[in-house]
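# A structural walkthrough
Letter by letter, the chains look like this.
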Amino acid sequence: MFEFRLWLAAFPDPVPEAEARSYWNLKDHPTPHLDGALRRADYVYVGAWGDSHLSDEPQSGRCPAVRIFDWLFYRGTIDSYQAPLLDARLRDELIRIHQPRPGDLPAESTDAETIAAFLTAHLGRYLLPEGEPPATA
């Protein structure tokens, strides 16, 4: 079974649009600015999901981590490619969609207070979803 783990990376500088386009489209193009930003970013673990959480039916089999990833993908690719700026509105949206829903399948998830504290502490930074923080030397 496939399992994906989601971390949020918060960093202070915007990402050039060409690098954001490569990031969101999973292209293997050089992204030196983004690579450096992700090495210096602060991270919080959000949760995990597996194949069973990815359904073709709207909202079927979802979990908080999938919803957060999907919302950041939407915010990072609509209008222009970017790392979304974490302002109060995005923070509130992410806190809201992180809340468990009746149709959610069981999935590993960080508690809402930890997510809210991280987002509040990093207002004004840029946010991207990552599979894991970079290894430290």
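Rules and cut-offs
Residues numbered from 1 in each chain as written. Predicted model: local features only at pLDDT ≥ 70, side-chain atom pairs only at ≥ 80, totals over all residues. Heavy atoms only, no water. Helix = DSSP H or I, 4+ residues; strand = E, 2+ residues; numbered from the N terminus. Contact = heavy atoms within 4.5 Å. Core = buried A, V, L, I, M, F, W, Y, C linked by side-chain atoms within 4.5 Å. Buried < 20%, exposed > 50% of the residue type's maximum accessible area, 1.4 Å probe, protein only. Salt bridge = Lys/Arg side-chain N within 4 Å of Asp/Glu carboxyl O. Axes fitted to C-alpha atoms, helices over the stretch in contact; angles between N-to-C directions. Parallel < 35°, antiparallel > 145°, perpendicular 65-115°, else oblique. Left-handed = near helix turned anticlockwise from the far one by under 90°. Pairing = 2+ DSSP bridges.

### Here we look at the overall build of the chain
Within the chain, the secondary structure is distributed over 5 helices and 3 strands. For the chain, contacts bridging at least 24 residues in sequence account for 77% of all contacts bridging at least 6.

### Concerning the nonpolar core
In terms of nonpolar packing, the biggest core is built from 34 residues, with Leu8, Phe11, Ile68, Leu72, Leu94, Leu119 and Leu127 touching the most fellow members. Elements with a contribution of two residues or more to this core: strand S1 (3–11), helix H1 (17–24), helix H2 (32–40), strand S2 (42–50), helix H3 (64–77), helix H4 (88–98), helix H5 (112–121) and strand S3 (126–130). No other element matches S1, which puts 5 residues into this core. Discounting chain neighbours no more than four positions away, the residues touching Leu72 are Leu8, Trp24, Pro84, Leu90, Leu94, Leu127 and Pro129.

### Topic: the pattern of salt bridges
Taken as a whole and judged by the stated rule, the model has 8 salt bridges. Close ionic contact of Arg5 with Glu3 constitutes a salt bridge, the shortest N to O distance being 3.2 Å. Assessed through its relative accessible area of 48%, Glu3 is described here as partly exposed. With a closest N to O distance of 2.5 Å, Arg62 and Asp70 form a salt bridge. Exposure remark for Asp70: the relative accessible area of 32% places this residue in the partly exposed category.

### A look at the packing of H3 against H4
Running from N to C, H3 and H4 point in directions that differ by 150°, and their axes come no closer than 8 Å. The angle between H3 and H4 falls in the class roughly antiparallel. Note that H3 runs across H4; the crossing there is right-handed. On the side of H3, the interface is formed by Pro64, Arg67, Ile68, Trp71, Leu72 and Arg75, while H4 contributes Leu90, Glu93, Leu94, Ile97 and His98.

### Remarks on the environment of Asp87
Assignment of secondary structure puts Asp87 in the loop between H3 and H4. Between the alpha carbons of Asp87 and Tyr126 there is a distance of 8.9 Å; along the sequence they are 39 residues apart.

### Overview of the side chain of Glu93
Within the secondary structure, Glu93 sits in helix H4. Beyond its immediate chain neighbours, meaning those up to four positions away, Glu93 contacts Trp71 and Arg75.

### What about the sheet that holds S2?
Spatial strand order, S2-S1-S3: 3 strands in an open sheet with antiparallel pairing. Each edge of the open sheet is held by one strand with a lone partner, namely S2 and S3. Ignoring strand direction, the axes of neighbouring strands in this sheet form an average angle of 20°. In this sheet, S3 lies alongside S1 in antiparallel orientation, the contact comprising 5 bridges. The residue of S3 that forms the bridge with Ala10 is Leu127. Helix-sheet contacts for H3 involve S1, S2 and S3, and the interaxial angle to S2 is about 115°.

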